[in-house]
Amino acid sequence: MYQFTVHTGSAVPLRRSNVDTDQIIPVRFLNRSQRTGHADSLFADWRDDPAFVLNQPQYQGATILVAGTEFGTGSSREYAVWALLDYGFRAVIAPRYGDIFRENALQNGLLPVELPTGAVEQLWDRVEARPDIPVTVDLQRLSVRCAGHSHPFALEEHARQRLLAGEDRIAQTLRHAERIAAFERGRRAALPVTT
Amino acid sequence: MNFDDGGFMGSTLAQKIWNQHVVHRSAGGDDLLYIDLHLLHEVNTPQAFDGLRAAGRRVRRPDLTLGTEDHNTPTVAIERVIRDPGSRRQSELMRSNCAEFGIPLHRLGDPRQGIVHVIGPELGLTRPGMTIVCCDSHTTTQGAFGALAFGIGTSQVEHVLATQTLALHRPDDMAVTINGRLPEGVSAKDLILAVIARIGTSGGQGHIIEYRGEAVSALSMEGRMTLCNMTVEAGSRAGVVAPDDTTLDYLSRRPGMPSGPQWDEEVAHWTALRSDPDAVFHKGIVLDADGLSPYVSWGTNPGQSIPLDARVPSPDDFTDPQQRSDAARALEYIGLRPGTPMRDVPVDAVFIGSCTNGRIEDLRAAADVLRGRRVADGVHLIIVPGSAAVRARAEEEGLAEVFARAGADFRAAAGCSMCAALNEDRLRPGQRAASTNNRNFEGRQGKGSRTHIVSPAVAAATSVAGRLAAPSDL
Ligand code: SF4
């Protein structure tokens, strides 16, 4: 459903670690029932501060967020991913992610790239020195390229294939409907039901 | 290393449950896992139902799915209308979606309503060896029963609704062994805060944690739920405790349990669920319970926790540059000066409740402290039951009366309340609370709110003292 192959854009350096999903989108914006329309909610509390990096004119229009480690920890809210996408981000680069956030990002085609701290710091420095410097995130070749430097990254092969092909995961699973039915026939009768 | 079901080497409890649920193993390394129980709440689900409708899909197993209302619901009075139009709409959608797809829903006012992670165990739906998912990170709570329980996002909710399965990469295994015995006055909450302070917010990442050891065996089911609840705060996907007599005793008192020979059969199945003696964990830590004391968070993530006896740390105490800058930022937000004894920190509010500590045992612990005492002037103590059943039980046991006499605000309806800050219960900017919830993130309990995570006993003592305190300080 959501495809990602190669993306080139400008980046924003977010020099913070442990950016939890409560910061990415504060809870008061979770009262919406759609997948879209969350751009203004992104980092809403931090954006109150004029000095916050997303408010700086040189980073307007950026499509790649470069953050510190443990990005997206905490609550499972997929709103965090939707808000990043709505704002215009196509990829995040950080040393490590909260597990559920990472999975949610993959589900929505927002690429969570894992680079070592050293590489992230280099990117921060380069982007701060030249905010319009193009950064390329290449899922085909599994590399991030910027100013002639190339940083390799890893992603589970099945997730990579799925993103490259843009496959609908539910449709994929439903191809195993027979196996699921067979499994169900073998379940113990004593297992609880809700109805 | 292990070789699937009962192969050549020992398996962990988590591996056994996992292997029993694999529908299909893909070449890419993903396992298609069957889900035994799918719980829903109103906030993270409307988009999943929209997705189903758009694709013309049905819910495969409504009979393995259950909805509840907990995040948006008012707690002051059951008949109260949700004021925020967006939240009200979400609750209406929950009702219409469940009706349309045939999913049972425990609405506000139903005696079986409550926080999603509280009612699963209470209703006897959470049992050892099951796979349980919910659109909420604290689904890990239910690992206390020796079930594989974890939080998922909305897209995965849609996937489970449509297929009753999830395609997942199997996490590694981590053992957290707690030897010794918790001293008097030290609870499961203090224990888990100590664990997270030790291993950090990413210490369990990519792993399922199995809690084991003497101190874990000695915990009640409620205590084990508190422990597994906050597993996610250590970055872990899920936490498990092997079922034992304590588990069986709890289950035997649940509704809908099989009886006679069928019960015996279940017991045999459940008690076989334990890590083999030669099971290999990818990593582990060992902690001694004997030396523990009440813990409290000082910063803006749960890993930033210390003993209540300690003083606010200084950024200079941290050698890691990242931790140092995190600490400086956290101290600025939380408004504390390094060197201040934690006991000198005054609070405006105290919140007792949430899926971490909103069960009857937690309310009993609070009542034991509050009996014959008064909440300090200027402090608002709000107590919110984790479920309607917890509220009813608290009345039966006379706890409600203890709370009323102490001047506490014991809420009529169950829900997440001031843990989610989605309903009207929230702190004002700059207000400081001692809270039995699980997250002290910036703004978690309302924009600009400051949270100190504590146990129910410390929360109650703090409400009486007006500053962070243990019952022994009163
Ligand atoms: S009580 Fe808090 S942590 Fe638990 S489910 Fe509700 S909002 Fe989430």
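Residues numbered from 1 in each chain as written. Chains lettered and ligands numbered in written order. Predicted model: local features only at pLDDT ≥ 70, side-chain atom pairs only at ≥ 80, totals over all residues. Heavy atoms only, no water.

### A look at the overall build of chain A
Right, so step 1: Each helix and strand counted, chain A has seven helices and eight strands in total.
Right, so step 2: Along the first, second and third principal axes, the C-alpha atoms of chain A reach 65 × 40 × 25 Å.
Right, so step 3: Across the 195 residues of chain A, 62% fall into the buried class.
Right, so step 4: By sequence separation, contacts in chain A at least 24 residues apart represent 68% of the contacts at least 6 residues apart.
Right, so step 5: Once the 22 positive and 23 negative side-chain charges of chain A are each reduced to a mean point, those two points are 5 Å apart. (Helix = DSSP H or I, 4+ residues; strand = E, 2+ residues; numbered from the N terminus. Buried < 20%, exposed > 50% of the residue type's maximum accessible area, 1.4 Å probe, protein only. Contact = heavy atoms within 4.5 Å. Lys, Arg positive; Asp, Glu negative; His and termini not counted. Charge placed at Lys NZ, Arg CZ, Asp CG, Glu CD.)

### Description of the packing of helix H13 (residues 360-370) of chain B against helix H16 (residues 456-465) of chain B
Residue and element names in this part refer to chain B.
Right, so step 1: Contact geometry for H13 and H16: axes closest at 8 Å, N-to-C directions at 35°. The way H13 lies across H16 gives a crossing that is right-handed. Mapping the contact onto sequence places Asp 362, Ala 365, Ala 366, Val 369 and Leu 370 in H13 and Pro 456, Ala 457, Ala 460, Ala 461, Ser 463 and Val 464 in H16.
Right, so step 2: For the contact of H13 with H16, a count of residues per class yields nine nonpolar, one polar and one charged. (Axes fitted to C-alpha atoms, helices over the stretch in contact; angles between N-to-C directions. Left-handed = near helix turned anticlockwise from the far one by under 90°. Nonpolar A, V, L, I, M, F, W, Y, C, P; charged D, E, K, R; others polar.)

### Remarks on the side chain of Thr173(A)
Right, so step 1: When you line up the elements, Thr173(A) lands in helix H6 (residues 169-174).
Right, so step 2: Once residues lying within four places of it in the same chain are set aside, the contact partners of Thr173(A) are Ile180(A), Leu32(B), His159(B), Thr163(B) and Thr165(B).

### Some thoughts on unusual backbone geometry
All names here are of chain B.
Right, so step 1: One non-glycine residue with positive phi stands out, namely Ser 354, at about 85°.
Right, so step 2: For Ser 354, the position within the fold is in helix H12 (residues 354-357).
Right, so step 3: Overall, Ser 354 belongs to the buried group, its relative accessible area being 1%.
Right, so step 4: Even without glycine at this site, Ser 417 takes up a positive phi of about 50°.
Right, so step 5: The residue Ser 417 is located in the loop between strand E17 (409-410) and strand E18 (432-435) in this model.
Right, so step 6: Under the relative-accessibility criterion, Ser 417 is labelled buried at 0%.

### Here's the deal with the site of the ligand
Right, so step 1: Lining the immediate surroundings of the ligand are His71(B), Ile115(B), His117(B), Asp136(B), His138(B), Ser354(B), Cys355(B), Cys416(B), Cys419(B), Ala420(B), Asn438(B) and Arg444(B).
Right, so step 2: Broken down by class, the residue content of the shell around the ligand amounts to five nonpolar, five polar and two charged. (Near = heavy atom within 4 Å.)

### Here's the deal with the confidence of the model for chain B
Atomic detail in the predicted coordinates should be set aside for any region of low pLDDT.
All names here are of chain B.
Right, so step 1: Per-residue confidence for chain B gives a mean pLDDT of 95; residues scoring 70 or more make up 98%.
Right, so step 2: Every residue in residues 1-7 is under pLDDT 50, and counting partners more than four places away or in other chains gives 16 contacts.
Right, so step 3: This prediction of the complex comes with two scores: 0.95 for pTM and 0.93 for ipTM. (pLDDT = per-residue confidence, 0-100.)

### Looking at the pattern of salt bridges
Right, so step 1: Enumeration over the complete set of coordinates arrives at 46 salt bridges over all chains.
Right, so step 2: Taking the shortest distance from any N to any O, the salt bridge between Arg130(A) and Asp132(A) comes out at 3.2 Å.
Right, so step 3: Here Arg187(A) ties to Asp36(B) by a salt bridge, and the two come within 2.8 Å at their closest N and O atoms. Residue Arg187(A) is found in the segment after helix H7 (177-185), and its partner Asp36(B) is found in the loop between strand E2 (31-34) and strand E3 (37-40); the two belong to separate chains.
Right, so step 4: Looking at Arg187(A), the relative accessible area reads 17%, which means it is buried.
Right, so step 5: The class of Asp36(B) is buried, set by a relative accessible area of 2%.
Right, so step 6: One network of salt bridges, in which partners are shared, links Arg28(A), Asp45(A), Asp48(A) and Lys447(B). (Salt bridge = Lys/Arg side-chain N within 4 Å of Asp/Glu carboxyl O.)

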